[in-house]
Amino acid sequence: MNLIVLEPNDFVSEGHVRLVDRRLVHARKHLRVALGDRLRVGLLDEGEGPAAANIGHGEVLRCDREALELRVELGHAPPPPSAVTLAIALPRPPTLDKVLQQGTALGIKRFLLFHSARVEKSYWGASALEPASVRRQLLLGLEQSVDTVLPRVELHRRFRPFVEDRLTALRERGPVLVADPEAPRSCPRALAGPLCLVLGPEGGFVPFERERFAALGDELVGLGPRILRVETAAVALLARLAPE
């Protein structure tokens, strides 16, 4: 935990927070804080407007089994967001957790989870998709990367409406790159400006899905001959696309 993410209901008065959950446990067991220590903190931004200067420090006023209390001063902006919208065919729950955490740590602010032929229908009923579970993974990513702007997550349960309708607005903003092991060209490097990166399920897209993306003008790109897990491919592709 490189940043303690605060929420409005943590404040007991102006500039004074009281924490009683896992953040307290982390401070006591891992950070081993003492009175007067300064911890890096940030106020969660739900992303409704421009990012605020809401990162700073909290001075430890109390830390025991019952509560961690901090005097908070904020004034620094979070790191700039990624310009990539990350669209992923819904993976199995443990992989989804990793993708949400790692994507958030890399600055993704919009995740699109969609259905495709090789996605197990049971995944859509998994507890990993419950709002509280998704939010937890996003917060872990923010804590890791010292960020405070909470990403958005969209669910799209039908392939064709997602590809033909939802992606249309994104195509108007920038390229849509579809990652696929059978792609004819390598993923480009260091692209500036908005784009949408689409990753398929374990096992890849079926021929119809590849053809549909291509017919709509999207470009299939790859990372070479190795077949990677979804969470590995996502990190490798995002790192490759990040502007230098």
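Placed above this text is the structure.
Residues numbered from 1 in each chain as written. Predicted model: local features only at pLDDT ≥ 70, side-chain atom pairs only at ≥ 80, totals over all residues. Heavy atoms only, no water.

Participant: Could you clarify how one ought to interpret the sheet that holds strand β9 (residues 152-156) in this entry?
Facilitator: Spatial ordering of the open sheet is given by β9-β8-β7-β12-β10-β13-β11, a layout of seven strands whose pairing is parallel. In this open sheet, the two edge strands, each paired with only one partner strand, are β9 and β11 (185-186). As paired strands, β11 and strand β13 (residues 219-222) are joined by two bridges and run parallel to one another. Paired with Ser186 across the two strands is Gly222, which belongs to β13. Sheet strands touched by helix α2 (residues 93-105): β7 (84-89), β8 (110-114) and β9. Its angle to β8, the strand with the most contacts, is close to 160°. (Pairing = 2+ DSSP bridges. Helix = DSSP H or I, 4+ residues; strand = E, 2+ residues; numbered from the N terminus. Contact = heavy atoms within 4.5 Å. Axes fitted to C-alpha atoms, helices over the stretch in contact; angles between N-to-C directions.)

Participant: What should I look at first to understand the sheet that holds strand β5 (residues 55-63) in this one?
Facilitator: One open sheet accounts for six strands, arranged β1-β4-β5-β6-β3-β2; its pairing is mixed. Either end of the sheet is taken by a strand with one partner, and the two such strands are β1 (4-6) and β2 (11-13). Across the sheet, the axes of successive neighbouring strands diverge by a mean angle of 40°, strand direction being ignored. Where β1 and strand β4 (residues 38-43) come together, three bridges link them in parallel fashion. Among the inter-strand pairings, Val5 is bridged to a residue of β4, identified as Gly42.

Participant: Sorry, what's going on with the pairing of β4 here?
Facilitator: Looking along a regular strand, one sees side chains alternate from face to face of the sheet. Sheet topology note: the β4/β5 ladder contains five bridges and is antiparallel. Residue pairing for β5: Arg40 is matched across the bridge by His57.

Participant: How do you make sense of helix α3 (residues 131-145) when you look at a structure like this?
Facilitator: It helps to recall that an α-helix has 3.6 residues per turn; residues three or four apart then point in one direction. For α3, with 15 residues, the first-to-last C-alpha span of 21 Å sits near the 21 Å given by 1.5 Å per residue. Val134, Gln137, Leu138, Leu139, Gly141, Leu142 and Glu143 are the residues of α3 that are buried. Buried-residue contacts for α3 involve β1, α1 (22-31), α2, β8 and β9. (Expected span 1.5 Å × (residues − 1). Buried < 20%, exposed > 50% of the residue type's maximum accessible area, 1.4 Å probe, protein only.)

Participant: Is there a simple way to think about unusual backbone geometry in this case?
Facilitator: What you tend to see is this: most non-glycine residues have negative phi, and most peptide bonds are trans. Phi angles above zero are rare outside glycine, and Arg32 is one such case at about 50°. Locating Arg32 in the fold gives a position in the loop between α1 and β4. Phi is positive for Ala190, close to 50°, though the residue is something other than glycine. Residue Ala190 is classed as partly exposed on the basis of its relative accessible area, which comes to 28%.

Participant: Looking at this structure, I do not really get the nonpolar core. What am I missing?
Facilitator: Soluble globular proteins: nonpolar side chains tend toward being buried together. Counting 54 residues, the largest nonpolar core has Leu86, Phe114, Leu167, Leu197, Val198, Leu199 and Phe213 as the members making the most contacts within it. It is helix α6 (residues 230-241) that provides the largest number of residues to this core, a total of six residues. With near-sequence residues (within four places) excluded, Phe213 lies in contact with Phe159, Val163, Leu167, Val178, Val198, Phe205, Asp218 and Leu220. Within the second largest apolar cluster, 13 residues are counted, among which are Ile4, Ala27, Val33 and Val60. (Core = buried A, V, L, I, M, F, W, Y, C linked by side-chain atoms within 4.5 Å.)

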